[in-house]
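Results of the structural survey
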Amino acid sequence: MTTWTLIYSRQAQKDAKNLASSGLKPKAQHLLDIISEDPLATPPRFAKLVGDLAGCYSRRINIQHRLFYEVLPDQHVVHILRMWTHYEQHLSGAIRPFR
């Protein structure tokens, strides 16, 4: 099985620093490892987003923070959008899909 290429948005790169300082980096890295093998694999569960973020997915890092990403199957790429946020923040335009 081939792995998917992960591309990180600028905001996701900034979010990684917050994860490291909060002790959540191992959990996020575990999710990223799963996503790089198969972005739609379960467990852990993922949510398929709707509305402005249709085509994007969310996985829980902890009760407060989510990992948001979109899958670009033609390119075999997963675009990591955010790793330090929750639904209220992305609705305000903090997350912009790659498309």
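To keep things clear, this report deals only with the structure shown in the data block.

**Here we look at the pattern of salt bridges**
- By the definition in use, this model includes one salt bridge.
- Note that aspartate 15 is salt-bridged to arginine 82, the shortest N-O span being 2.7 Å. With aspartate 15 in helix 1 (residues 10-22) and arginine 82 in strand 5 (residues 77-85), the pair connects residues that are 67 residues apart, well separated along the chain. Each member of the pair, aspartate 15 as well as arginine 82, carries the same accessibility label: buried.

**Quick notes on the packing of aromatic side chains**
- Applying the stated criterion to the full structure yields two aromatic pairs.
- Measuring from centroid to centroid gives 5.4 Å for phenylalanine 46 and tyrosine 57, while their planes differ by 75°, and the two rings are edge-to-face. Placement of phenylalanine 46 in the loop between helix 2 (25-37) and strand 2 (47-48) and of tyrosine 57 in strand 3 (residues 56-60) is noted, with a sequence separation of eleven residues between them.
- Using a relative accessible area of 11% as the deciding quantity, one classes tyrosine 57 as buried.

**Thoughts on the environment of serine 21**
- By the secondary structure assignment, serine 21 is in helix 1.
- Using a relative accessible area of 64% as the deciding quantity, one classes serine 21 as exposed.
- From its side chain, serine 21 meets the backbone oxygen of asparagine 18 in a polar contact 3.1 Å long.

Basis of the calculations
Chains are numbered independently. Their residues run from 1 in the order of the written sequence. Whole-chain, interface and lining totals are the exception, using all residues; otherwise, since this is a predicted model, local features are given only for residues with pLDDT of at least 70 and side-chain atom pairs are given and counted only at 80 or more. For the side-chain quantities, the full set of heavy atoms in the structure was used; hydrogens and water were omitted. Any Lys or Arg side-chain nitrogen found within 4 Å of a carboxyl oxygen on Asp or Glu counts as a salt bridge. In DSSP terms, a helix is any run of H or I states spanning at least four residues, a strand is any run of E spanning at least two, and both are numbered starting from the N terminus. Exposure categories follow from relative accessible area, calculated using a 1.4 Å probe and restricted to protein chains: below 20% of the type maximum is buried, above 50% is exposed, and the middle band is partly exposed. Aromatic rings from Phe, Tyr and Trp, with only the six-membered ring used for Trp, were paired whenever their centres fell within 6.5 Å, and each pair was classed as stacked if the ring planes differed by under 30 degrees, edge-to-face if by over 60, and tilted otherwise. What qualifies as a polar contact is a pair of N or O atoms within 3.5 Å, subject to a donor-acceptor requirement within protein and to the restriction that residues adjacent in sequence count only when both atoms come from side chains.

Such coordinate-based values are descriptive only and should not be taken to indicate function.
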